[in-house]
Amino acid sequence: MPTALTLSGSIRTGSVNQKLQKAMGERLSAAGVDVNAITLKDFDMPIFNQDLEPDNVPEAAGRLADLFRTHDIVFIACPEYNGGVPPLVVNTVAWLSRQRPSPFRHAVFGIGGVSSGKYGTIWAQSHLRDSLSKIGALVVPTLLGIGPDETAIGPEGEILEAPIETKMKQMVRELTHFSRGGI
């Protein structure tokens, strides 16, 4: 059975991106994937500073890297801050990119995000796709840019718009059928 790791780039209580993480996890589970939903609250890491290496690398970076390496799929629900990737996600990727072997060269990655604006985190997703691709991640083509949040996703995380549901189904197909080809 394929395995998936899902996470949100927001740790705020009631985050719409946590709702997207949950909704995507439910769809992956329905497709026969064993889903492991995590919160970045459990992986406390200081702001990346190369001076901390090699003696003060946070153990959380190693634990999270191991999770990335041992799952077939990684789905990141990424908010957007000022048209870019939020600091929590940037810091997480920075620390993970320093781990060996690379935690980005096993799984197939999916990116989505929810925002209050009509562009639905598409700028942040573009930046995140670019960064992940440069460090060896295979990111599926479909991006889930969802917004505005109050018309697109309900209070319990239910998807309120049919086109979003269609894109989520497409991403699940890609995540479950794309392969790194044994690399």
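Values in this document were obtained by computation on a predicted structure and should not be read as measured data.

Colleague: Could you clarify how one ought to interpret the nonpolar core in this entry?
Modeller: Considering soluble globular proteins, one finds that nonpolar side chains tend to be buried as a cluster. Among the nonpolar cores identified, the biggest contains 29 residues, and Phe68, Phe109, Leu128 and Leu132 are the most heavily contacted of them. Mapped onto this core, the elements with two or more residues apiece are strand 1 (3-8), helix 2 (59-69), strand 3 (73-77), helix 3 (87-97), strand 4 (108-114), helix 4 (122-134) and strand 5 (138-146). Here the element with the most residues in this core is helix 2; it accounts for 5 residues. With sequence-adjacent residues up to four places away left out, Phe109 is seen in contact with Phe68, Val74, Ile76, Pro103, Phe104, Leu132, Ala137, Leu138, Val139, Val140 and Leu175. Listed in part, the 23 residues of the second largest apolar core include Ala152, Ile164, Met168 and Met171.

Colleague: Looking at this structure, I do not really get the pattern of salt bridges. What am I missing?
Modeller: Counted under the stated rule, the structure contains 7 salt bridges. The partner of Arg63 in a salt bridge is Glu59, with the nearest N and O atoms 2.8 Å apart. On the criterion of helical spacing, the pair formed by Arg63 and Glu59 is a turn pair, its members being 4 residues apart in helix 2. The exposure class of Glu59 is exposed, given its relative accessible area of 53%. Among the salt bridges present, the one from Asp130 reaches Lys134, with a minimum N-O distance of 3.0 Å. Placement of the pair is Asp130 and Lys134 together in helix 4, with a separation of 4 residues, close to one helical turn. Judged by relative accessible area, Lys134 falls into the exposed class, the value being 65%. When salt bridges with common partners are traced through the structure, they connect Lys22, Glu26, Arg27 and Glu165 into a single cluster.

Rules used throughout
Residues numbered from 1 in each chain as written. Predicted model: local features only at pLDDT ≥ 70, side-chain atom pairs only at ≥ 80, totals over all residues. Heavy atoms only, no water. Core = buried A, V, L, I, M, F, W, Y, C linked by side-chain atoms within 4.5 Å. Buried < 20%, exposed > 50% of the residue type's maximum accessible area, 1.4 Å probe, protein only. Helix = DSSP H or I, 4+ residues; strand = E, 2+ residues; numbered from the N terminus. Contact = heavy atoms within 4.5 Å. Salt bridge = Lys/Arg side-chain N within 4 Å of Asp/Glu carboxyl O.

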